[in-house]
Structures are given as C-alpha cells and as structure tokens.
Amino acid sequence: MFMSEVCIYLDDDYFGAHVDEAASIFGDRSLIRGRTLSSEWALSVPPGMSELGITIRSTDDDDRPFIWECWYFGEVVR
C-alpha cells in the first residue's frame, strides 16, 4: 500500500519530532542508510535538495506490529 503527501515544515523542532532517531508517539524510528528512494525509483533530485529515509516501527489498534518507510525530499538537514 502506498500513500503520498506533501508537507511543509516551518518549524525545525516539529520536523525533528518526525525524523529524529528516538521513540515517540510516531513509533520507533531509524534512519535508512545505504539506499535511496530516488535511486530505486529512478527519480531526479534537483541540485540543492537532499533525501532522508526513515523506517518506523509501531503497532496498530489491535497491537499487531507493522513497519513503514517515510521519505523526505527538500532542504533536509539532519
């Protein structure tokens, strides 16, 4: 299943709450290293933009574990 959305983060702390490698209400997160979505999907990332992937581990409402990835493109500084 795929989902896409465009988010504009105007606050560094709010953005950090989504991408920092720490447990939070968003689940346990870890940075994706050694691969990029742009390479896998043959996407062109313009100069000056970067890419950051996060793996998130959480549980659903029935306490079943699930894992998903979030990819961020833009002026990503982490």
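Residues numbered from 1 in each chain as written. Predicted model: local features only at pLDDT ≥ 70, side-chain atom pairs only at ≥ 80, totals over all residues. Heavy atoms only, no water.

K.L.:
Break down the overall build of the protein for me, citing the residues and quoting the values.
P.N.:
In terms of regular secondary structure, the protein is built from two helices and three strands. When the helices and strands of the protein are listed from N to C terminus, the series reads α-β-α-β-β. Going through the 78 residues of the protein one by one, you find that 23% of them count as buried. In the protein, the share of contacts with a sequence separation of at least 24, taken over all contacts with a separation of at least 6, comes to 44%. (Helix = DSSP H or I, 4+ residues; strand = E, 2+ residues; numbered from the N terminus. Buried < 20%, exposed > 50% of the residue type's maximum accessible area, 1.4 Å probe, protein only. Contact = heavy atoms within 4.5 Å.)

K.L.:
So what about a nonpolar patch on the surface? Which residues, and what values?
P.N.:
Together, W41, L43, M49 and F73 make up a nonpolar patch on the protein surface, roughly 400 Å² of accessible area in all. Position of M49 relative to the elements: it lies in the loop between α2 (37-40) and β2 (50-59). On the accessibility criterion, M49 (38% relative accessible area) is partly exposed. (Patch = residues over 30% accessible without salt bridge, like charges linked within 9 Å, V, L, I, M, F, W, Y side chains within 5 Å. Areas by Shrake-Rupley, 256 points an atom, 1.4 Å probe, with all protein chains shown as cover. Salt bridge = Lys/Arg side-chain N within 4 Å of Asp/Glu carboxyl O.)

K.L.:
Explain the pattern of salt bridges residue by residue, including any values.
P.N.:
As enumerated under the stated definition, the model contains four salt bridges in all. Here R64 ties to D60 by a salt bridge, and the two come within 2.9 Å at their closest N and O atoms. When its relative accessible area of 23% is taken as the criterion, D60 is described as partly exposed. Residues joined in a network through salt bridges with shared partners are R35, E40 and E69.

K.L.:
Break down the pairing of β2 for me, with residues and values.
P.N.:
Looking along a regular strand, one sees side chains alternate from face to face of the sheet. Alignment of strand β1 (residues 28-31) against β2, held across four bridges, turns out to be antiparallel. In the strand pairing of β2, S30 is matched with T55. Bridge count between β2 and strand β3 (residues 65-74): ten bridges; the pairing is antiparallel. Paired with S58 across the strands is F66, a residue of β3. Counting the residues in the hairpin turn of β2 and β3 gives five residues, including D63, whose phi is positive at 60 degrees. (Pairing = 2+ DSSP bridges.)

K.L.:
Can you break down the nonpolar core residue by residue, with the values?
P.N.:
By size, the foremost hydrophobic cluster in this structure holds six residues: F15, V19, L52, I54, I56 and Y72. Looking at this core, the elements that each hand over two or more residues are α1 (12-19) and β2. When residues of this core are assigned to their parent elements, the largest contribution, three residues, is made by β2. (Core = buried A, V, L, I, M, F, W, Y, C linked by side-chain atoms within 4.5 Å.)

K.L.:
How would you summarise the sheet that holds β3 if you had to cite specific residues and measurements?
P.N.:
Here three strands make up an open sheet; going across it, the order is β1-β2-β3 and the pairing antiparallel. Strands with a single pairing partner mark the edges of an open sheet, and in this sheet they are β1 and β3. In this sheet, neighbouring strand axes are inclined to one another by 25 degrees on average, regardless of whether the strands run parallel or antiparallel. α1 contacts β1, β2 and β3 of the sheet and is inclined by roughly 95 degrees relative to β1. (Axes fitted to C-alpha atoms, helices over the stretch in contact; angles between N-to-C directions.)

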